[in-house]
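# Coordinate analysis (summary)
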Amino acid sequence: MHAALLHTHNLLRWVVLILGVLTIIKAVQGLSGARPYATTRRFTAMFMGSLHLQLLLGLLLYMNSPAVKAAMRDMEATMADSALRFIVAEHPVLMVVAAIVMTVGAIIAKNAANDAAKHRKALIFAGITMAIVLYGIPWSRPLFPGMT
Ligand code: HEM
C-alpha cells in the first residue's frame, strides 16, 4: 500500500509541474495575443485538480508512511533533523498552502472584469503556486519511482 502510494505520489509530481508550466504558457499567450480566457481557464482547472489529487495522495501517504510513523515517535529529534522536518512538517504545509493559493487564484481569475485581467490573474497565481511547489518538493528523493 505504502509503496504504491509513494510511487503514484512521485509520478504525479511531474503531472502537477507540467500542468503548472502549461497554465503559465497559456496565460502568457492569452495576454499577448488578446485571446479569450477559455483555454487558460481549462488549464487552470486541470492544474488545480492535479494539486488537489496530489494533496489527497499526500494525506494518505502521511497516514501510511513508516518514515512518518517513526519520525512521530520522537518529534523533538525529528524537528532537529532538517531532512526529517522537511518531509514531516515543511513539505505538507507548503503544499497545502500552494493548493489554497491556486484554488483562490482560479476563482479570482475567473471573476475578473475582462479576459486580459483573467489571464493576468491566472498568470500571477499560477506563478506563485509553482514557486511554492518547486520549493516544497523533496528534490533529494528519487526523481522517478524505483530510482535511487
Ligand atoms: C502538490 C503537492 C505535492 C507534491 C508535488 C508532492 C511531491 C512529493 C514527492 C516528489 C515526494 C517524494 C516521493 C519519493 O520519495 O518517491 C513526496 C513525498 C512525501 N509527501 Fe508529498 N507532495 C505533495 C503534497 C503532499 C502533501 C499535502 C502531503 C501530506 C499531507 C505529502 C506528504 C508526503 C510524505 C509523507 C512523503 C514521504 C513519504 C514516505 O517517505 O514514506 N505530500 N511528495
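See the structure printed just above.
Residues numbered from 1 in each chain as written. Predicted model: local features only at pLDDT ≥ 70, side-chain atom pairs only at ≥ 80, totals over all residues.

Turning our attention to the overall build of the protein chain. Helix and strand counts for the protein chain come out as six helices and zero strands. Listing every helix and strand of the protein chain by position from the N terminus yields α-α-α-α-α-α. Here the protein chain, with 148 residues, has 24% of them falling under the buried criterion. Put simply, 76% of the contacts in the protein chain that link residues at least 6 apart link residues at least 24 apart. (Helix = DSSP H or I, 4+ residues; strand = E, 2+ residues; numbered from the N terminus. Buried ≥ 20, exposed ≤ 12 C-beta atoms within 10 Å, placed from the backbone. Contact = placed C-beta atoms within 7 Å.)

Moving on, we come to the site of the ligand. Near the ligand lie 26 residues; those nearest to it are Gly-58, Ser-65, Pro-92, Met-95 and Arg-141. Of all the elements, helix α2 (residues 38-64) adds the most residues to the shell around the ligand, at seven residues. Per-class residue counts for the shell around the ligand are 18 nonpolar, six polar and two charged. (Near = placed C-beta within 6 Å. Nonpolar A, V, L, I, M, F, W, Y, C, P; charged D, E, K, R; others polar.)

By the element assignment, Ala-117 lies in helix α6 (residues 115-136). Through-space distance from the C-alpha of Ala-117 to that of Leu-5 is 39 Å; in sequence the pair is 112 residues apart.

Given a rise of 1.5 Å per residue, 27 residues ought to cover 39 Å, and the 39 Å separating the end C-alpha atoms of α2 matches this to within 8%. Taken together, the buried positions of α2 are Thr-40, Arg-41, Phe-43, Thr-44, Phe-47, Met-48, Ser-50, Leu-51, Gln-54 and Leu-61. Buried-residue contacts for α2 involve α1 (2-32), α5 (82-110) and α6. (Expected span 1.5 Å × (residues − 1).)

Take unusual backbone geometry next. One non-glycine residue, Ala-34, lies in positive phi territory at about 50°. Relative to the helices and strands, Ala-34 is located in the loop between α1 and α2.

The next thing to look at is the environment of Leu-143. In this structure, Leu-143 sits in the segment after α6. Considering only alpha carbons, one finds Leu-143 and Leu-11, 132 residues apart in sequence, at a separation of 8.3 Å.

Phe-47, Leu-51, Met-102, Ala-122 and Ala-126 are the most contacted members of the largest nonpolar core, which has 18 residues in total. Those elements that provide at least two residues to this core are α1, α2, α5 and α6. A per-element tally of this core places α6 first, with six residues. Excluding residues that lie within four positions of it along the chain, Ala-126 makes contacts with Gly-20, Thr-23, Ile-24, Ala-27, Thr-44, Phe-47 and Met-102. (Core = buried A, V, L, I, M, F, W, Y, C linked by C-beta atoms within 7 Å.)

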